[in-house]
2 protein chains.
Amino acid sequence: MEKFYTIKDVAERTGISAYTIRYYDKEGLLTFVKRSESGIRLFTDEDFEPLYTITCLKKSGMPLKEIKRFMELFMQGNETIHERYLIFKEQKERLQKQIDELQEMMGIVDYKCWYFEEAEKRGDIDFYKKLPREEVDERIWEFGKKVNDFRKGKTDHS
Amino acid sequence: MEKFYTIKDVAERTGISAYTIRYYDKEGLLTFVKRSESGIRLFTDEDFEPLYTITCLKKSGMPLKEIKRFMELFMQGNETIHERYLIFKEQKERLQKQIDELQEMMGIVDYKCWYFEEAEKRGDIDFYKKLPREEVDERIWEFGKKVNDFRKGKTDHS
DNA sequence: TTATATCTTAGAGTATACTCTAAGGCAAGA
DNA sequence: TCTTGCCTTAGAGTATACTCTAAGATATAA
């Protein structure tokens, strides 16, 4: 005898609200979910794998439309293995680009933290402008260079 | 004599559309921009630094409302150095969390790529179910464990 | 002077992803 | 039987961040 989970059970376990689960279903992401005679969603243990895959794809920044496409292929079985592979391969590349960008931003935010600490110590936001050139920290020149590249349109807006 | 840039110049150089620049201005992010007598925005070379900071904060995932708050403090000068430092320090932590999560997703997407390659070779999406227990790759058990934790509600939904 | 180009504003429209409400069905316990 | 509490649906509302349109002002070149 198979065990079924209600939408509320699934919501509690997964942290996805019941509203959101219904919304995903409406959008065609949950085609694998069975229904009772009276139309109630009957989630099984096996359903947690595609649900987990959906949350992972979402966390990796994939829009719902593309996740829907993936779930359609998932329902079609063995013939779609290659296409599903390509989806993950592409997602891997997009994810890497996202990570690279966030890491670059981390560098800048980290610099800003240092800069404001210095400015606070000296009580002046423009402290470096009053220092002799050779006493100005390297990081300030580097940031200035980035701003300059941005001003000149050298920054990549792809 | 000071050189001024029009909104169009700035749009071309920074990759931010003129529409978006006006929108940011309307939202109170560009309080530092001067205007001509007839109301035309006159961007200067110095304006590119806060503009660059805005794009960095945006890329690091900060909502416009908070960027607005930061720009208000920026306009107030030296008294707000400490508060601005705190904003960057907090943003640094949020950014790290984001990077960590994306890196975790990278692990899963990478696993999925491997899995679909295997499934394609064998022409069966459920290939591992037909293998003897000791021949099933370690990564498949690991993924199964994650799905199981997700099903049991052990996954962190913070 | 007139045409073209660029600027301005307010405000409407779009996309994404929820988030909730309203109206109603169904099943189990008091 | 009736109330409670779950489920269903369609559809409206929200938040964020643009994106664009329309109407009109201003500046420059022919």
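Residues numbered from 1 in each chain as written. Chains lettered and ligands numbered in written order. Predicted model: local features only at pLDDT ≥ 70, side-chain atom pairs only at ≥ 80, totals over all residues. Heavy atoms only, no water.

1. Examining the protein's contact with DNA strand C
Then, in step 1: In the vicinity of DNA strand C there are 16 residues, among which Y23 and Y24 of chain A together with K8, R22 and R41 of chain B approach most closely.
Then, in step 2: Backbone atoms, meaning sugar plus phosphate, form 69% of the atoms of DNA strand C positioned within 4 Å of the protein.
Then, in step 3: Contacts to DNA strand C include K58 of chain A, whose side-chain N or O atom sits 3.5 Å from a phosphate oxygen.
Then, in step 4: Between DNA strand C and R35 of chain B there is a distance of 3.2 Å, counted from a phosphate oxygen to a side-chain nitrogen or oxygen.
Then, in step 5: Elements represented by at least two residues in the surface near DNA strand C include exactly helix 2 (18–26) of chain A together with helix 1 (7–14) and helix 2 (18–26) of chain B.
Then, in step 6: In terms of residue count, helix 2 of chain A provides more of the surface near DNA strand C than any other element does, four residues in total.
Then, in step 7: Per-class residue counts for the surface near DNA strand C are seven nonpolar, three polar and six charged. (Near = heavy atom within 4 Å. Polar contact = N/O pair within 3.5 Å; in protein donor to acceptor, adjacent residues only side chain to side chain. Helix = DSSP H or I, 4+ residues; strand = E, 2+ residues; numbered from the N terminus. Nonpolar A, V, L, I, M, F, W, Y, C, P; charged D, E, K, R; others polar.)

2. Comments concerning the domain arrangement of chain A
Then, in step 1: By domain assignment, chain A separates into domain 1 (7–85) and domain 2 (93–151).
Then, in step 2: Computed over C-alpha atoms only, the centres of domain 1 of chain A and domain 2 of chain A are separated by 43 Å. (Domains from an automatic or database assignment.)

3. Thoughts on the environment of A18 of chain A
Residue and element names in this part refer to chain A.
Then, in step 1: Tracing the backbone shows A18 in helix 2.
Then, in step 2: C-alpha separation for the pair A18 and M71, spaced 53 residues apart in sequence, amounts to 19 Å.
Then, in step 3: If we skip the residues at most four places from it in the chain, A18 touches I7 and A11. (Contact = heavy atoms within 4.5 Å.)

4. Quick look at the state of the cysteines
Then, in step 1: A complete count under the given rule lists zero disulfides over all chains for this structure.
Then, in step 2: Just so you know, C56 of chain A is unpaired, no disulfide at all, and the nearest cysteine sulfur is the one on C113 of chain B, 13 Å from it.
Then, in step 3: Since its relative accessible area comes to 5%, C56 of chain A is described here as buried. (Disulfide = S-S within 2.5 Å. Buried < 20%, exposed > 50% of the residue type's maximum accessible area, 1.4 Å probe, protein only.)

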